[in-house]
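# Structural features, examined
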2 protein chains.
Amino acid sequence: MRTSQYLLSTMKETPADAEVISHKLMLRAGMIRRLSSGLYTYLPTGVRVLRKVEQIVREEMNNAGAIEVLMPMVQPAELWQESGRWEKMDAELLRFQDRHLRDFVLGPTHEEVITDLVRREITSYKQLPLSLYQIQNKFRDERRPRFGVMRAREFLMKDAYSFHLSQDSLQQTYDAMYRAYCNIFNRLGLDYRPVLADTGAIGGSVSHEFHVLASSGEDAIAFSDTSDYAANIEMAEAIAPAGERPAATQSMQEVATPNVGTVAAVAELLNISEQQIAKTLFVVGVAKDDAPASLVALVVRGDHELNEVKAEKLPQVAVPLQFANEQQIRQLVNAAPGSVGPVGLTIPVIVDRSAAHLADFVVGANKDGYHLSGVNWDRDITDYQVADLRNIVEGDPSPCGFGHLVIKRGIEVGHIFQLGDKYSQALKAGVLNEEGKHQIMTMGCYGVGVSRIVAAAIEQNHDEYGIIWPDAIAPFQVVLIPMNMHKSVRVAEATELLYQQLKAAGIDVLFDDRKERPGVMFADMELIGVPHSIVIGERNLDNRQAEYKNRRTGEKQLLDLDQLVSQFTALLK
Amino acid sequence: MRTSQYLLSTMKETPADAEVISHKLMLRAGMIRRLSSGLYTYLPTGVRVLRKVEQIVREEMNNAGAIEVLMPMVQPAELWQESGRWEKMDAELLRFQDRHLRDFVLGPTHEEVITDLVRREITSYKQLPLSLYQIQNKFRDERRPRFGVMRAREFLMKDAYSFHLSQDSLQQTYDAMYRAYCNIFNRLGLDYRPVLADTGAIGGSVSHEFHVLASSGEDAIAFSDTSDYAANIEMAEAIAPAGERPAATQSMQEVATPNVGTVAAVAELLNISEQQIAKTLFVVGVAKDDAPASLVALVVRGDHELNEVKAEKLPQVAVPLQFANEQQIRQLVNAAPGSVGPVGLTIPVIVDRSAAHLADFVVGANKDGYHLSGVNWDRDITDYQVADLRNIVEGDPSPCGFGHLVIKRGIEVGHIFQLGDKYSQALKAGVLNEEGKHQIMTMGCYGVGVSRIVAAAIEQNHDEYGIIWPDAIAPFQVVLIPMNMHKSVRVAEATELLYQQLKAAGIDVLFDDRKERPGVMFADMELIGVPHSIVIGERNLDNRQAEYKNRRTGEKQLLDLDQLVSQFTALLK
């Protein structure tokens, strides 16, 4: 490609409305333009990267034995009513009517459509397992689309679905998909981690997320510093402190804590560490029969944070998690939220493992302006239950038994689920099994955010000059930058020859043939992140050489023109 | 690919709801499944063909210098209001609101979005000409979707748009696109014709359609039997009959024609040919100032048909064309439609060239049950105008001046337009020209129905056993059919070896490894239209041979196993 015949559309200014670096750089590098909130047009440089990501994903899906299909983006409401998601999903599911006033949705995902397809096509256990995938646009009407294509409303996704008659078979395909995802992110040249994840609204049991590591990532991921263990912080287990709980040495007594409402303030007033305080949070419990839902007390150590995903998994707690308001708390214990504690409660009390390991600790007295000190489990509070309730913190022992946890930030770009029979049961998707009986299938689903990968790759790979693409997904593998070509026939001819040779060698090469100053060309090529550049100038041509530069390392070297193509091809490997 | 790891999903039964052969065969061959009216899921065999068509289109667009972009399917209403199409388009334009109650459309095409993009990105004449294209889903809420993917609501299209400052530049790109389209359809292996076409609702001046010829085609195309001339019958010019109009020999007189209302009946009653009759049609004229629209009389020869597209181009006629109802006609001439004629009218009378060449002809008398015979132009009707108003018929002289016209049927799969400034004017899309002045750009647009091509290819290439794919877009280039492989290790091993060799040679090969009778395998492979098959059986293995068969010609030949791959590769070229 010659720049003069291309739409480079780079911008010098940093766009005011872009918050994250990938969004800024995608705008500045001429990769995308905003059409409307959460809707982006991909300019040529954006399309080139997107198509390369798409092709790697496609090849690895094929290698994993998944078969490509293509489902419509517009889907009839009936299937969503059948699965129950028509009612359950909020306004993120875009609903509309066609000219005949029939209800449709713009597909945010395709579980319903694929399950409907498979229940019609597949009749016998002999046709299973089956893995189908597509690379298709999705639409999610996000309340607040942001960060460019990172959280857009219309976006490109690879979604795969697998169908089985046994958990064993599902596990095998799940493992194959896990490996395929590793292959994808390895080939993309990204630093990533597969992490244990929550299954959330999609449903199912086992689940892994694939995160591209980047300090700007929205998600926190916990890793063992010794083993392969990695989990989304939502999921990372906080294990019980080692050893026996210390014995009680103090008696419980009321201490005045006027006008202090936070753990930090109580610790300061009483001159103790936050670790010696247990904080109590009230949440709404599950309603039993016709009685109104009572509250549930959740207790964590003063220096710890409640993990809401873990709390939602407690059988006593209503989903979604709902904190009690001040009025509900006062009705229960007649104290402000800053003075509450677990002593004397008649509601369920669930204590985090670390809080349950405390002795002689401080809690709110359920009386405004007072706390209790010298509190001890089993002596002062007898009816309670212990569970993993908190977020892990750096330095916690890894739940795998090896090493300690460190926390990094990541951007979720893939998610694989063992769905079970959530959709197949709702849509009665079954086959005849070996015994000739009708059996509901079990399912897996496997998503990759194709357009999101583009943004995540930039979050991970950039510097103050612009993007630094991994070779596999660079818009161009190499750029030829001639010095003053419009004044030097020799430079023009040498560059043209190199351009033809590199193209003939199957290399994706950009020839910057603009009438621009060298500085402008260097800046543009660094901004759009071409990983390799070759500068052709009069001086080096005297020695039949040209200067190669590596965008990532800054390394420069002179290459002989006559061997440049073979040397460069070797360099790419 | 091995059939056992594939989703073949062929069907023996012909689906009842499919009207055209391509729809039937796409269902039977397991290429598509209906999700809802006009919405289809592509099964693996369908996707394979679709992607091959897509890739050929992409490569030829790139070769023509167009640059790929990708625009959202969801588009904000504001742009459509700016172009005026928000009001002008009927319910085919699907409008909806997002969660914030803002208006959007599902893009049926992308003129507005691309013109908006270009007016923001392009500021100088130096950046022109520019051609951008995308391969993207479209949605048109057809009143009556039918014929499978031939007229679906959601479909895949390649749409390109070019921007210029002069008609010369537009013409150059238009010509390049014309050649690119020829390259596309040549590579696809289809019998097609570029034809002059009407610009219709999209607007603009020059336009060509690309038609795949098939007897089932919806469009009629007129060709010269001598030259390259080809035009949609809507557009094909009917030239005036040669020579002078014969002189009048009869005087005009009233003849009773009781109870005859059709040209055929009048001809029979009066014992004359239909060619001696002129039929008069009343349509609604353009309203002038505040006066109600009067009617316009259109006169064609009795054996000819009015061409509505031509009629709509008359300045006197209201668009869209609207025939007068019986009441309006009676108000004007006090006669039934079967007894009307041009004599004595005070409204505009426009006469087709062939009708205007008649002498001593018959027309309705504007009096129920009567006609006039011996009518002559200029003597009996003085105030009239001559125009090309009729459909051509086979045997008409070609308007190019060479040969005569023949009519064939075609399926429109591509359409290129010189748009002019319809959209750029509405959206004020201009650049600074060489004189430093703001100048509105002129545009071209160029569409290919990617999914429609798949159906059109089948309409043109099938027999009673199924589809016959051209090599370039076949789901598989060749299928290996082993005879009783599950009983013969020798057959299994020979087939496996061939499979690996063909794959290694880069050939898209299907290995039918199912435990099925040979008859079932042959029938399935003929149905899905694999163009080449190789049968591996015990008997031929004795001579280290296998039997090749060509799906289209039925030609069979024995190939030596040791040279099979090279022989087959040669055969593909």
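Rules used in this analysis
Residues numbered from 1 in each chain as written. Chains lettered and ligands numbered in written order. Predicted model: local features only at pLDDT ≥ 70, side-chain atom pairs only at ≥ 80, totals over all residues. Heavy atoms only, no water. Phe/Tyr/Trp six-rings, centres within 6.5 Å; stacked < 30°, edge-to-face > 60°. Buried < 20%, exposed > 50% of the residue type's maximum accessible area, 1.4 Å probe, protein only. Helix = DSSP H or I, 4+ residues; strand = E, 2+ residues; numbered from the N terminus. Lys NZ or Arg CZ within 6 Å of the ring centre and 35° of its normal. Pairing = 2+ DSSP bridges. Axes fitted to C-alpha atoms, helices over the stretch in contact; angles between N-to-C directions. Contact = heavy atoms within 4.5 Å. Left-handed = near helix turned anticlockwise from the far one by under 90°. Nonpolar A, V, L, I, M, F, W, Y, C, P; charged D, E, K, R; others polar. Buried area = accessible area lost by both parts, 1.4 Å probe. Salt bridge = Lys/Arg side-chain N within 4 Å of Asp/Glu carboxyl O. Polar contact = N/O pair within 3.5 Å; in protein donor to acceptor, adjacent residues only side chain to side chain.

All told, the structure shown has 26 aromatic pairs over all chains when counted by the stated rule. Between Phe96 of chain B and Phe104 of chain B the ring centres are 6.2 Å apart and the planes differ by 20 degrees, which places this aromatic pair in the stacked class. Residue class for Phe96 of chain B comes out buried when judged on its relative accessible area of 5%. Since its relative accessible area comes to 2%, Phe104 of chain B is described here as buried. Centre to centre, the rings of Tyr192 of chain B and Phe210 of chain B are 6.5 Å apart; their planes meet at 25 degrees, and the pair counts as stacked. On the criterion of sequence distance, the pair formed by Tyr192 of chain B in strand S9 (residues 192–196) and Phe210 of chain B in strand S10 (residues 207–213) is long-range, its members being 18 residues apart. Like Phe210 of chain B, Tyr192 of chain B is buried. An aromatic cluster is built from Tyr178, Tyr181, Phe185, Tyr192 and Phe210 of chain A, whose rings are joined through pairwise contacts. Over the face of the ring belonging to Trp86 of chain A we find Arg95 of chain A, whose NZ or CZ atom lies 5.2 Å from the ring centre. The residue whose ring lies beneath Lys367 of chain B is Tyr370 of chain B, and the NZ or CZ to ring-centre distance is 4.5 Å.

We now examine the sheet that holds strand S15 (residues 295–301) of chain A. In sheet architecture, strand pairing relies on hydrogen bonds along the backbone and comes in two forms, parallel and antiparallel. Residues and elements named next belong to chain A. Read across the sheet, four strands follow the order S14-S15-S16-S19 without closing on themselves; strand pairing throughout is mixed. The sheet is open, and its two edges are formed by strand S14 (278–284) and strand S19 (385–387), each paired on a single side. Averaged over all adjacent pairs, the angle separating strand axes in this sheet is 30 degrees, with direction ignored. The pairing of S14 with S15 spans seven bridges and is antiparallel. Counterpart to Phe282 in the pairing with S15 is Ala297. Of the strands in this sheet, S14 and S15 touch helix H9 (residues 326–333), which is tilted by about 110 degrees from S14.

So, about the sheet that holds strand S19 (residues 385–387) of chain B. All names here are of chain B. A sheet is described by the order of its strands in space; here four strands give the open sequence S14-S15-S16-S19, paired in mixed fashion. The two strands at the open ends of the sheet, each matched to only one other strand, are strand S14 (278–284) and S19. Going from strand to strand, the sheet's axes swing by 30 degrees on average, the running direction of each strand aside. Looking at chain direction, strand S16 (residues 349–352) and S19 are connected through three bridges and run parallel. Considered in S19, the bridge of Asp352 is made with Ala387. Contacting S14 and strand S15 (295–301), helix H9 (residues 326–333) runs over the sheet at an angle of about 110 degrees to S14.

Here we come to the packing of helix H2 (residues 44–63) of chain A against helix H6 (residues 167–188) of chain A. Residues and elements named next belong to chain A. Where H2 meets H6, the axes come as close as 9 Å, and the angle between the chain directions of the two elements is 150 degrees. As H2 packs across H6, the resulting crossing turns out to be right-handed. Seen from H2, the contacting residues are Val53, Ile56, Val57, Glu59, Glu60 and Met61; seen from H6, they are Met177, Ala180, Tyr181, Asn183, Ile184, Arg187 and Leu188. Classifying every residue of the contact of H2 with H6 gives nine nonpolar, one polar and three charged.

Moving on, we get to the interface of chain A and chain B. Counting residues at the interface gives 56 residues for chain A, matched by 56 residues for chain B. In total, about 4500 Å² of surface goes out of reach between chain A and chain B, with carbon and sulfur atoms giving 62% of it. Among the residues of chain A in contact with chain B, Leu35, Leu70 and Arg99 of chain A are the three that bury the most area, contributing 16% of the side total. For the pair chain A and chain B, the number of links is six salt bridges. Note that Glu68 of chain A and Arg51 of chain B form a salt bridge whose closest N and O atoms lie 3.0 Å from each other. Viewed at the interface, chain B and chain A are joined by 20 residue pairs in polar contact (both at pLDDT 80 or more). With six residues, the top contributor of residues to the side of chain A that touches chain B is strand S7 (residues 130–139) of chain A. Partitioned by chemical class, the residues of the side of chain A that touches chain B number 31 nonpolar, 10 polar and 15 charged.

Moving on, we get to the environment of Ile467 of chain A. Residue and element names in this part refer to chain A. Here Ile467 is to be found in strand S25 (residues 466–467). Sequence separation of Ile467 and Leu502 is 35 residues, and the distance between their C-alpha atoms is 23 Å. Those residues in contact with Ile467 that sit more than four places away from it in its chain are Leu25, Ala29, Met31, Ile458, Asn461, His462, Glu526, Leu527, Ile528, Gly529 and Arg551.

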